[in-house]
Amino acid sequence: MILALSFHDDLHAVGVQQAVRARGEPFHILECDGVSGKPGLTWHLSGMPDGSAIPAALPTSEGRTVPPAQAKLLWWRRARAPQQLAMAAAESEGAAISAQQVSLVNNDCNGALRGILAASFHGEWISPPEATDRASDKIYQLWVARQAGFRVPRTLITQSRGEVADFINEVGRVIVKPVVGAPGPSLYTRWIEDPQTLPAESFAMCPATYQEYIPGRHHIRLNCFGERMFAALIETEELDWRPDLNVPITRWPVPEDLARLVRTVLDRLGLPMGVIDIKLTPEGEPVWLEVNPQGQFLFLEPLTGEPLTEHFADYLITTAATADSDHRR
């Protein structure tokens with residue numbers, strides 16, 4: 001049995017579920033935002049020192065319960081989202097639930113789900129929660145990529161307008177983007193020209209990421225599923241390709257030396273898989289931008305013709321089978 005932890009109606013989880021089930025393998029989705037109001041979650045720890053009798057059950061997206069101990073693989077797809085029921089109650093007219101109560105529901109549902117999985121699931125994690133959280137730190141992953149041998153953009157994290165001005169004088173053209181970001185509308189990468197035209201207080205409000213501009217129009221979106229990699233070449237002059245996908249997007253064969261380097265970075269981050277953004281300089285040198293431990297990849301399928309859903313289903317099934325074989329030995 002394969003489990004996926006994600007939010008309600010996540011297209012990636014649902015699409016992969018269908019592909020895995022089409023091959024006769026059981027696959028269930030645990031909705032991290034659907035615990036509240038749906039009885040089914042339970043865990044019991046006996047008081048005996050031998051640790052006996054520790055049954056656990058978790059509700060699935062289809063209204064049944066499954067024992068996580070019987071799963072061979074857990075796809076840690078998306079683990080954080082507010083509870084739908086609590087948010088609906090808070091947003092309703094004349095809401096009878098306070099902000100503190102909403103926080104309590106969200107925290108306790110999330111904590112119970114994550115804790116039960118940590119205690120009761122003993123199979124393969126794709127990817128481990130601790131590694132996923134650590135690798136999501138874009139400052140840390142940049143440092144790891146550079147240590148592994150990638151070229152990375154010269155980067156400054158600061159709240160000082162003066163330091164930004166000095167950085168621009170040092171490296172030339174500079175872009176700015178969030179350090180972490182926030183839920184809601186996407187915050188796209190932008191140019192920063194003359195910081196003196198902006199108030200110093202706007203810089204001091206919170207740190208931002210300032211990076212040297214890497215010239216070129218060839219952007220690589222690389223999907224690494226274990227040892228297999230499937231990449232797309234996105235051709236655009238824009239800084240950030242995400243707002244407009246009406247540009248040439250084609251399959252891009254991953255060179256062996258680049259594949260080895262990518263795998264080295266992910267191994268050091270503790271990630272079996274990852275979705276990586278790379279930019280090619282006009283001379284063809286790959287420059288590491290970032291890895292999303294659980295990035296979006298399905299949007300590339302109709303654009304490139306690459307059956308990424310099937311590739312990912314293959315990856316999960318093969319990994320689960322290998323984990324089961326190793327456990328039996």
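Refer to the structure printed above.
Below: a short report on this structure.

Definitions and limits used
Residues numbered from 1 in each chain as written. Predicted model: local features only at pLDDT ≥ 70, side-chain atom pairs only at ≥ 80, totals over all residues. Heavy atoms only, no water. Helix = DSSP H or I, 4+ residues; strand = E, 2+ residues; numbered from the N terminus. Rg over C-alpha atoms; globule rule 2.2 N^0.38 Å. Buried < 20%, exposed > 50% of the residue type's maximum accessible area, 1.4 Å probe, protein only. Contact = heavy atoms within 4.5 Å. Areas by Shrake-Rupley, 256 points an atom, 1.4 Å probe, with all protein chains shown as cover. Lys, Arg positive; Asp, Glu negative; His and termini not counted. Charge placed at Lys NZ, Arg CZ, Asp CG, Glu CD. 1 Å grid on protein atoms, 1.4 Å probe; cavity = no way out; pocket = protein on both sides within 12 Å on 5 of 7 lines; lining within 4 Å. Points joined across faces, edges and corners; volume = space filled by probe spheres on them. Nonpolar A, V, L, I, M, F, W, Y, C, P; charged D, E, K, R; others polar. Expected span 1.5 Å × (residues − 1). Arc of directions from axis to C-beta. Pairing = 2+ DSSP bridges. Salt bridge = Lys/Arg side-chain N within 4 Å of Asp/Glu carboxyl O. Core = buried A, V, L, I, M, F, W, Y, C linked by side-chain atoms within 4.5 Å.

Quick notes on the overall build of the protein chain
Looking only at helices and strands, one finds 10 helices and 16 strands in the protein chain. Relative to a compact globule of 329 residues, whose C-alpha radius of gyration would be 20 Å, the protein chain shows 22 Å and is just as compact. Oriented by its inertia axes, the alpha-carbon framework of the protein chain measures out at about 65 × 50 × 40 Å. Here the protein chain holds 329 residues, and 45% of them are scored as buried. Sequence separation of 24 or more characterises 68% of the internal contacts of the protein chain that already satisfy a separation of 6 or more. Looking at the protein chain as shown, the accessible area adds up to about 16800 Å², and 53% of this sits on carbon and sulfur atoms. Side-chain charges in the protein chain split into 29 positive and 40 negative, and the spacing between the mean points of these groups amounts to 3 Å.

Notes on empty space enclosed by the protein
Inspection of the entire model under this criterion finds two cavities of 30 Å³ or more. Considering only enclosed or pocket space, the largest cavity measures out at about 70 Å³ in volume. For the largest cavity, the full set of lining residues is Lys138, Ile139, Leu142, Thr155, Ile157, Lys177, Thr209, Gln211, Leu289 and Glu290. Of all the secondary structure elements, the ones that give two or more residues to the lining of the largest cavity are α5 (138-148), β8 (155-158), β11 (208-212) and β16 (286-292). Sorting elements by how many residues they give to the lining of the largest cavity places α5 first, with three residues. A per-class count over the lining of the largest cavity returns four nonpolar, three polar and three charged. Of the volumes computed, that of the second largest cavity is approximately 40 Å³. Lining the second largest cavity are Asn223, Phe230, Ala231, Ala232, Arg251, Leu300, Thr304, Glu306 and Leu308. Considering every element that reaches the lining of the second largest cavity, the biggest residue donor is strand β13 (residues 228-235), with three residues. The residue inventory of the lining of the second largest cavity, partitioned by class, reads five nonpolar, two polar and two charged.

A few points about helix α8 (residues 256-269)
Between its first and last C-alpha atoms α8 spans 20 Å; for 14 residues at 1.5 Å apiece the expected length is 20 Å, and the two agree. Regarding α8, the residues found buried are Leu258, Ala259, Val262, Arg263, Val265, Leu266 and Leu269. Buried residues in α8, looked at end-on, bunch into an arc of 160°, giving them a common side. What points out from α8, more than 90 degrees from its buried face, is the exposed set Glu256, Asp257 and Arg260.

Looking at unusual backbone geometry
For the peptide bond that leads from Ile126 to Ser127, omega is -5°, which places it in the cis range. As for its position among the elements, Ser127 is in the loop between β7 (124-126) and α4 (129-135). We note that Asp9 has phi near 60°; this positive angle belongs to a residue other than glycine. Within the secondary structure layout, Asp9 lies in the loop between β1 (2-6) and α1 (11-21).

A word on the pairing of β16
Across a regular strand the side chains alternate sides, sitting on one face of the sheet and then on the other. For strand β15 (residues 273-280) and β16, the ladder comprises six bridges, and the chain directions are antiparallel. Bridge assignment links Leu280 to a residue of β16, and that residue is Pro286. Between β15 and β16, which follow one another and run antiparallel, lie five residues, and Gly284 among them has a positive phi close to 90°.

Looking at the side chain of Arg263
Looking at the secondary structure, you find Arg263 in helix α8. Excluding residues that lie within four positions of it along the chain, Arg263 makes contacts with Cys224, Gly226, Glu227, Met229, Leu271 and Pro272.

Points about the pattern of salt bridges
Taken as a whole, this structure holds 18 salt bridges when the rule is applied. Where Arg114 meets Asp133, a salt bridge forms, and the shortest distance between an N and an O atom there is 3.7 Å. Within this pair, whereas Arg114 is found in helix α3 (residues 99-120), its partner Asp133 is found in helix α4, the two being separated by 19 residues in sequence. Residues Glu290 and Lys177 are paired through a salt bridge, measuring 3.9 Å at the closest nitrogen-oxygen approach.

As for the nonpolar core
Residues Ile2, Phe27, Trp75, Phe225, Phe312 and Leu316 are the most contacted members of the largest nonpolar core, which totals 29 residues. Going through the elements one at a time, β1, α1, β2 (27-31), β6 (73-76), β13 and α10 (308-328) are the ones with two or more residues in this core. Among all residues touching Phe312, those that are not within four sequence positions of it are Val16, Trp75, Phe225, Met273 and Phe297.

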